[in-house]
Amino acid sequence: MAPVVRNLMILSGLLVSAVGVAAQATPPSPPTAQGLHSLFVAAGKLYWGTAIETNNFNDSAYLAIANNRNEFGMYVPENSQKWEEIQPALTDFEFTNPDAVLARARANGQMFRCHTLTWHSQLPAFVANGTWTRDTLAAVIVAHITNVMTHYRGLCYAWDVVNEALNDNGTFRNSVFFRTLGTDFIPLSFAAASRADPSARLYYNDFNLETSPRKAAAAVRIVQLVQAANIPIHGLGFQAHFRVGQTPNRTSLIATQNLFTTLGLEVAFSELDIAHLSLPPNSTSIQRQSDDYVTVVSACLAVPKCVGITLWQFTDKYSWIPSTFPGLGDACLYTSNFTKKPAYSAVSSFLQSVVATAAPAQGTGRFANGTGSKTVTPMVVAAPATATGVMTLPADIAGELAPFVTSPPVRTSAGAVVIVGKRKGVLVGVVVMVGALLL
Ligand code: XIL
């Protein structure tokens, strides 16, 4: 990253109510510097999360980390919402385990991401081996989605509605769904999901989109297929199961995200892990793993519509990698003994430096006073040396805001700068996201 361009910031305001401004303006609280979720939020993102499962719940050392909301602001059940577990037979729905994951997330004040509905893998025998017509399989898919999503209505930030529909060469995977319904199973799934829980963000989720342009292009066509049918699709999940030294570079990761943000979608890295190719890793590959993790984090920060990152487990103790890809491993940020690896420290240091400089720009500039509003054109200016705590705005921005401001701007724990003031006796507010462009 070039230091020169890093020292840029974008100023933009988000429309806020006077009440909201008053609530956020006191007291000034600098960003908390501990924990990857806290840091990621301070840098402007929604969550830093982890996959977790009920069979992890009897491990107190594990839970001491997982329950820490500064580290993880979001949980996703690693397996228990998959079709074979949640609906093992046509009339048998098993919600106990995913409900327990949800309960723990809620107790901790964490978000809940839900995974997954229409997927060729981990299917119950009655689906995988059934004899289907278009109508009977469509009915079974819709019933599955409707029952499961209704159970979690209003509780999932997002659902991975369709998972891994594509081969790496961009053709459709030869699943029971594709064989029976062609591509119709995709809009059909999103339509059922939208009806069952209109509040959930609906995602298409897949792997190797980041490394295969043909697969990414095919995923674009999937999004367009759903959009052309006027059916909601809100997000694209990049699984981000990477290999040390083979992780795409930052420019490439940004370009891949933007294939989908230009279609109006948000994006997320939904299952991040970065596996060593040989074990034990040497010092070079340990350093490279750190660099690769930072690359992914940096690429998400660079795309305003990248909402978050989910680790596919945070400790090697429970990583799926060694059993699925024999010989590979040590893919997580913590060792099996729960010590933080250099990759954890690298991500933490990187985020701390981002937060200390500024957070990524979000939104468009606008502030309002109840009787009217003023649009502020986002401005790119030289960043002050420090951008935490009470800050003095550069002269050109201060001049723009001067008629509105009666108190010094304060930085909130969420990374926003809040300015409050009165104009013609009316409380006026502006939330300003101050961002570093990390090019
Ligand atoms: C994996 C789990 O981590 C394993 O425990 C399980 O045995 C197989 O599935 N893509 C996905 C995830 O969408 O659901 C997969 O999770 C990993 C690949």
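Please refer to the structure higher up on the page.
Read on for an overview of the structure. What you are looking at is a predicted structure, and each value in this text was computed from that prediction instead of being measured.

**Notes on helix α15 (residues 342–357)**
Piece 1. For α15, with 16 residues, the first-to-last C-alpha span of 22 Å sits near the 22 Å given by 1.5 Å per residue.
Piece 2. Among all positions of α15, only A343, V347, F350, L351, V354, V355 and T357 are buried. Projected down its long axis, α15 carries its buried residues within an arc of 165 degrees, all on one side.

**Overview of the environment of P281**
Piece 1. Among the structural elements, P281 can be located in the loop between β9 (266–275) and α13 (283–301).
Piece 2. Distance in space between the C-alpha atoms of P281 and D330 is 8.1 Å, their sequence separation being 49 residues.

**Observations concerning the site of the ligand**
Piece 1. Surveying the vicinity of the ligand reveals the residues E78, N79, N163, Q239, E271 and W320.
Piece 2. Partitioning the shell around the ligand into residue classes produces 1 nonpolar, 3 polar and 2 charged.

**Section: helix α6 (residues 96–108)**
Piece 1. Between its first and last C-alpha atoms α6 spans 18 Å; for 13 residues at 1.5 Å apiece the expected length is 18 Å, and the two agree.
Piece 2. Just downstream of α6 lies G109, where phi reads positive at about 75 degrees.

**Some remarks on the environment of T183**
Piece 1. The residue T183 is located in the loop between α9 (176–181) and α10 (185–196) in this model.
Piece 2. When the C-alpha positions of T183 and A165 are compared, they lie 9.2 Å apart, and in sequence the two are 18 residues distant.
Piece 3. Among residues more than four places away in sequence, those in contact with T183 are F172 and L225.

**Re the nonpolar core**
Piece 1. Within the largest apolar cluster, 97 residues are counted, with the highest numbers of intra-cluster contacts made by W159, A193 and L351.
Piece 2. Considering each element in turn, this core owes the most residues, 7 residues, to α10.
Piece 3. Ignoring any residue separated from it by four or fewer positions in sequence, one finds A193 in contact with L117, I145, M149, W159, V161 and L202.

**Some thoughts on the pairing of β9**
Piece 1. Counting buried residues in β9 gives 10 out of 10 residues, a clear majority hidden from the surface.
Piece 2. Two elements, strand β7 (residues 235–238) and β9, share 4 bridges in a ladder whose sense is parallel. Its bridge partner being in β9, L236 is matched across the sheet by V267.
Piece 3. As judged from the 3 bridges shared by strand β8 (residues 241–243) and β9, these two strands associate in the parallel manner. Bridging across to β9, F242 finds its partner in I274.
Piece 4. By the bridge criterion, 4 bridges tie β9 to strand β10 (residues 306–311) in an arrangement that is parallel. Within β10, the residue paired with L272 across the bridge is L311.

**A few points about the pairing of strand β6 (residues 201–206)**
Piece 1. Most of β6 is tucked away: 6 of the 6 residues are buried.
Piece 2. Along β6, one buried face is formed by R201, Y203 and N205 and the opposite face, lined by L202, Y204 and D206, is buried too.
Piece 3. Bridge count between strand β5 (residues 158–163) and β6: 5 bridges; the pairing is parallel. The residue of β6 that forms the bridge with V162 is Y204.
Piece 4. Of the pairings in the sheet, the one linking β6 to β7 comprises 4 bridges and is parallel in character. Following the sheet pairing, D206 is matched in β7 by F238.
Piece 5. Each parallel crossover has a hand, and the one from β6 via helix α11 (residues 213–228) to β7 is right-handed.

Procedures and definitions
Residues numbered from 1 in each chain as written. Predicted model: local features only at pLDDT ≥ 70, side-chain atom pairs only at ≥ 80, totals over all residues. Helix = DSSP H or I, 4+ residues; strand = E, 2+ residues; numbered from the N terminus. Expected span 1.5 Å × (residues − 1). Buried ≥ 20, exposed ≤ 12 C-beta atoms within 10 Å, placed from the backbone. Arc of directions from axis to C-beta. Near = placed C-beta within 6 Å. Nonpolar A, V, L, I, M, F, W, Y, C, P; charged D, E, K, R; others polar. Contact = placed C-beta atoms within 7 Å. Core = buried A, V, L, I, M, F, W, Y, C linked by C-beta atoms within 7 Å. Pairing = 2+ DSSP bridges. Right-handed = clockwise from strand over helix to strand, strands pointing away.

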